[in-house]
Amino acid sequence: MNKKNSDIRLRSLLFLLLGISVALAIIFLKKASEKTADDPADYILPKASSPSAPDMTMDTAFLTAPAETISIALPDTIGKDKRPAAEAGFEDGYLSGMDDGAIGEERASYDESNNFPTRTEREAYVKGYREGYAKGFEDGSKGKQFNI
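Note that this is a predicted model, so its numbers are computed, not measured.

Draft legend 1. Structural view of the packing of helix α3 (residues 85-103) against helix α4 (residues 119-142). Where α3 contacts α4, the axes come no closer than 5 Å and their chain directions differ by 30 degrees. Regarding the angle of α3 to α4, the classification is roughly parallel. The crossing of α3 and α4 is right-handed. Residues of the contact of α3 with α4, tallied by class, amount to 12 nonpolar, 10 polar and 6 charged.

Draft legend 2. Fine view of the packing of aromatic side chains. Under the counting rule described, the total for this entry stands at 7 aromatic pairs. Between F90 and Y94, the ring centres sit 6.4 Å apart and the planes meet at 20 degrees, which makes this aromatic pair stacked. Taken together, the positions of F90 and Y94, both in helix α3 and 4 residues apart, correspond to about one turn of that helix. Classification of F90 as partly exposed rests on a relative accessible area of 34%. Relative accessible area serves as the criterion here: at 10%, Y94 is assigned to the buried category. Joined through ring pairs, the aromatic side chains of Y110, F116, Y125, Y129, Y133 and F137 make up one cluster. Stacked on the ring of Y110, the Lys or Arg R107 has its end atom at 4.0 Å from the ring centre.

Draft legend 3. Up close: α3. Relative to the 27 Å expected for 19 residues at 1.5 Å per residue, α3 spans 27 Å between its end C-alpha atoms, a close match to the ideal helical length. Every buried residue belonging to α3 is among A85, A88, G89, G93, Y94, S96, G97, M98, D100 and G101, and all of these are buried. Looking at the buried positions of α3, the neighbouring elements they touch are α4.

Draft legend 4. Representation of unusual backbone geometry within the structure. For R107, which is not a glycine, the phi torsion comes out positive at approximately 60 degrees. For R107, the location among the structural elements is in the loop between α3 and α4.

Cut-off values and rules
Residues numbered from 1 in each chain as written. Predicted model: local features only at pLDDT ≥ 70, side-chain atom pairs only at ≥ 80, totals over all residues. Heavy atoms only, no water. Axes fitted to C-alpha atoms, helices over the stretch in contact; angles between N-to-C directions. Helix = DSSP H or I, 4+ residues; strand = E, 2+ residues; numbered from the N terminus. Parallel < 35°, antiparallel > 145°, perpendicular 65-115°, else oblique. Left-handed = near helix turned anticlockwise from the far one by under 90°. Nonpolar A, V, L, I, M, F, W, Y, C, P; charged D, E, K, R; others polar. Phe/Tyr/Trp six-rings, centres within 6.5 Å; stacked < 30°, edge-to-face > 60°. Buried < 20%, exposed > 50% of the residue type's maximum accessible area, 1.4 Å probe, protein only. Lys NZ or Arg CZ within 6 Å of the ring centre and 35° of its normal. Expected span 1.5 Å × (residues − 1). Contact = heavy atoms within 4.5 Å.

What follows is the structure in structure tokens.
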């Protein structure tokens, strides 16, 4: 039993010495690789290792103006509603009424003005707006926005 105890002690001692030598080797290598801060020029990268700038030059074919230019004036679509007047009035009125119904203030955002060109279209818009506003206000006050 004495021989067995001595083998265990020897192995433990060898393992401890191996651990200490690994730790000392790590410390030595770290100290050897550290640079001194004596000269700040040591930390400046040499010109050869600096990143190169991308080539931003363009081919002259891309820089020349096209041979002919066409200028087209776009039609004025601001203020022109493409929906039928009654439908546009109902939708606009419904949305305004729904908002007013949700906050509980009747006619807070009521606006039946429109840009339709003919008198009959303007009147159809106003009629649709009034119907839509009434329905929207009812739905908004019940909390049923868009019948959800």
